[in-house]
Structure formats: structure tokens, C-alpha cells
Amino acid sequence: MQLEIRPDPAEVGRARRWARSRLAGSGIGADEPLAETLILLVSELVTNAVVHTGCPAVLRLSLPGGATGEAVVRLEVADRSDRAPVPRCVDDDATGGRGLALVDGLADRWGWTMDGPGKRIWCELDRCAPPEKGEKQGPAYQGPTYEGFACEAV
């Protein structure tokens with residue numbers, strides 16, 4: 001599944017709505033933490049493409065077909081810019097610049113590759129099988145660990 005993105009900030013909302021509409025047939029409920037994380041990642045990657053490249057882009061989404069079993073959700077944004085994505089260090093008062101840090105903290109894997117005259121930024125989320133009836137369920141989100149410190153998005 002893919003969506004053509006124009007270099008217009010209004011496209012970010014359209015990309016979120018498109019991704020939400022794709023969740024219905026995938027077995028991922030709109031109220032699942034995975035769905036909310038996916039929508040946030042769509043928002044961040046499309047915003048980066050629109051704001052930092054000024055070029056049209058393509059949003060691709062690969063969702064699992066069934067409601068059970070382990071699967072990987074893959075999100076890609078391809079654009080025509082050859083500028084590499086660069087994580088930025090920003091101070092507490094900055095209103096932007098945290099997108100790739102969010103992607104790094106929320107996705108199980110992410111990266112980018114050159115793709116023809118442009119690049120492709122991708123991220124993946126692992127979807128585990130839902131717990132069996134009566135089985136205890138752990139925390140919905142456990143952040144990554146850096147140098148022994150657990151991090152969590154708040």
C-alpha cells in the first residue's frame with residue numbers, strides 16, 4: 001500500500017488518516033498501542049519529508065494480514081532528496097528537531113538507504129501475538145535501554 005505525498009504540511013494529516021484507514025483490515029485495533037505508535041511514526045517521517053526536502057514523497061505501509069501470530073509492520077517514506085537524515089540535538093525550548101529521536105525511541109528498527117536519485121527512510125515495529133485468555137500481559141510499552149538507563153517516551 002502506498003500514498004503519494006505532496007510537499008505541503010497539510011499532507012501530514014492526510015497521511016495519518018490514510019494510515020488509520022489501513023489498520024482496519026489488518027487485525028490491528030485502533031486502540032492498540034501499536035496503532036498509536038504507528039500513527040506517530042507516520043507523522044514524524046512524513047513531516048520530515050515535507051519540511052526538510054521540499055520534494056514529493058511516497059509513503060509505503062506493510063501491515064500483517066491476520067489478527068494472530070508474530071508479524072512486522074514496516075513503514076517507509078521515499079523522497080527525491082539526496083540529503084541524508086541527520087538526528088539533531090535541540091534544547092528544551094525548541095519546537096522541532098526531535099523527530100528522528102522519536103523514531104529511534106519508538107521503532108524496533110529504523111534506517112535509511114539511498115534510492116535512485118533520492119532516499120528511503122524506513123522503520124519497523126514488531127507485532128507479537130495477543131495474550132491467550134487468562135494470560136498475564138506485561139506493560140504496553142517498554143522503552144529502549146541506553147548504557148543501563150531505561151528510557152520511556154512521556
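Residues numbered from 1 in each chain as written. Predicted model: local features only at pLDDT ≥ 70, side-chain atom pairs only at ≥ 80, totals over all residues. Heavy atoms only, no water.

(A) Geometry of the environment of isoleucine 28. By the secondary structure assignment, isoleucine 28 is in the loop between helix H1 (10-23) and helix H2 (33-53). For isoleucine 28, a relative accessible area of 4% translates into the label buried. Taking the C-alpha atoms as reference points, isoleucine 28 and proline 64, 36 residues apart in sequence, are found 8.4 Å from one another. (Helix = DSSP H or I, 4+ residues; strand = E, 2+ residues; numbered from the N terminus. Buried < 20%, exposed > 50% of the residue type's maximum accessible area, 1.4 Å probe, protein only.)

(B) Molecular detail of the environment of alanine 19. Structurally, alanine 19 is set in helix H1. What makes alanine 19 buried here is its relative accessible area of 0%. Contacts of alanine 19, omitting those with residues within four sequence positions, involve Ile39, Val42 and Leu61. (Contact = heavy atoms within 4.5 Å.)

(C) Representation of the pairing of strand S2 (residues 57-62) within the structure. Relative to S2, strand S1 (residues 2-5) runs antiparallel, the two being bridged by four bridges. Within S2, the position partnered with glutamine 2 by the bridge is arginine 60. Two elements, S2 and strand S3 (residues 71-79), share six bridges in a ladder whose sense is antiparallel. Considered in S3, the bridge of alanine 57 is made with aspartate 79. (Pairing = 2+ DSSP bridges.)

(D) Representation of the packing of H1 against H2 within the structure. Packing of H1 against H2 leaves a shortest axis separation of 9 Å and a crossing angle of 150°. In terms of orientation, H1 and H2 fall into the roughly antiparallel class. In this structure, H1 meets H2 at a crossing whose hand is right-handed. Counted together, Glu11, Val12, Ala15, Arg16, Ala19, Arg20 and Leu23 of H1 and Ala35, Leu38, Ile39, Val42, Ser43, Val46 and Thr47 of H2 form the full contact between these two elements. Residue composition of the contact of H1 with H2, by class: nine nonpolar, two polar and three charged. (Axes fitted to C-alpha atoms, helices over the stretch in contact; angles between N-to-C directions. Parallel < 35°, antiparallel > 145°, perpendicular 65-115°, else oblique. Left-handed = near helix turned anticlockwise from the far one by under 90°. Nonpolar A, V, L, I, M, F, W, Y, C, P; charged D, E, K, R; others polar.)

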